[in-house]
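Report on the structure
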Amino acid sequence: AQSVTQLGSHVSVSEGALVLLRCNYSSSVPPYLFWYVQYPNQGLQLLLKYTTGATLVKGINGFEAEFKKSETSFHLTKPSAHMSDAAEYFCAVSDRGSGGYQKVTFGTGTKLQVIP
Amino acid sequence: DAGVTQSPTHLIKTRGQHVTLRCSPISGHKSVSWYQQVLGQGPQFIFQYYEKEERGRGNFPDRFSARQFPNYSSELNVNALLLGDSALYLCASSLSGGNYGYTFGSGTRLTVV
């Protein structure tokens, strides 16, 4: 069974500082990995995804993530935090469930606070 | 282009009642997945439909059911509502499933009193 662990339910950074949100996954097959962002009272928006190929993935709004198979990690980073980055971030993993469907499992989320 | 549309946006129901939530996916997307997001938690998988057939079901009781129509829109039905069913219900649209990313609607906020 696949699972996702996000370390730290709340992370605070100063505006302009590095953002690092941690995600570790468990999957019995090569995974597809995702980061989604959720602003208050809204649905989730896809930030970036890893499927195959290059392990460093660039997404929207200056975010990127690196797939490290040996560490089963997919940490999200951004060099310089902006006030508009304050939101909740979800890491997710997908592999094939029985019947061929693509079940996506989400982590519990990390709330990012950006301090002026 | 219209995104994923969910209706209603909010509703309040009494314990024991029935509720129907609706979702229209992005044009051309043939798969709809439903997720339940309880306050402070990540989304939990309920159902996935593709081409009008149920592909997968999460660990939810039989009170939860869904269907997908020929135009690929979908309904989620919940019977005999419990207080614990209070949550944000999210519809996720995709071409064939979640492996290349979902587009989510803004959700339906269900409050059971």
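Everything discussed here concerns the structure shown above.
This report concerns the structure included in the present document. (Residues numbered from 1 in each chain as written. Chains lettered and ligands numbered in written order. Predicted model: local features only at pLDDT ≥ 70, side-chain atom pairs only at ≥ 80, totals over all residues. Heavy atoms only, no water.)

**Observations concerning the pairing of strand β9 (residues 87-94) of chain B**
All names here are of chain B. For the record, the criterion: Residue burial is assigned from relative accessible area. The probe radius is 1.4 Å, only protein chains are included, and a residue is buried under 20% of its type maximum, exposed over 50%, and partly exposed in between. The numbering of helices and of strands both runs from the N terminus, where a helix is a DSSP run of H or I of at least 4 residues and a strand a run of E of at least 2. In this description, strands pair whenever DSSP reports at least two bridges between them.
Within β9, eight of the eight residues are buried, leaving the element largely enclosed by the surrounding structure. Residues A87, Y89, C91 and S93 line one face of β9 and the alternating positions L88, L90, A92 and S94 line the opposite face, and both faces are buried. By the bridge criterion, seven bridges tie strand β4 (residues 31-37) to β9 in an arrangement that is antiparallel. Bridge pairing in β9 links Q37 to L88. With three bridges joining them, β9 and strand β11 (residues 108-112) adopt antiparallel strand pairing. From the neighbouring strand, L88 faces β11, where its bridge partner is R109. Where β9 meets strand β10 (residues 103-104), two bridges bridge the pair, whose relative direction is antiparallel. Bridge pairing links S93 to T103 in β10.

**Considering the pairing of strand β5 (residues 44-50) of chain B**
Residues and elements named next belong to chain B. Among the seven residues of β5, five are classified as buried, and the element is accordingly described as predominantly covered. Of the pairings in the sheet, the one linking β4 to β5 comprises six bridges and is antiparallel in character. Residue pairing for β5: W34 is matched across the bridge by F47. As judged from the four bridges shared by β5 and strand β6 (residues 53-57), these two strands associate in the antiparallel manner. By the bridge assignment, Y49 is partnered in β6 with E54. Following β5, the chain reverses through two residues before pairing antiparallel with β6; E51 in that reversal takes a positive phi of roughly 50°.

**With respect to the sheet that holds strand β7 (residues 64-68) of chain A**
Residues and elements named next belong to chain A. So the rule is basically this: Axes, fitted as lines to C-alpha atoms, cover a helix only where it is in contact. Angles between the N-to-C directions of the axes lie from 0 to 180 degrees.
Reading across from one edge, β1-β3-β8-β7-β6 is the order of the five strands in this open sheet, with antiparallel pairing throughout. Edge positions in the sheet fall to β1 (3-7) and β6 (56-58), since each has one partner strand and no second. The average angle at which neighbouring strand axes cross in this sheet is 20°, direction not considered. Summarising the sheet, β7 and strand β8 (residues 73-78) pair through five bridges and their orientation is antiparallel.

In short, shape yes, function no, at least from these values alone.
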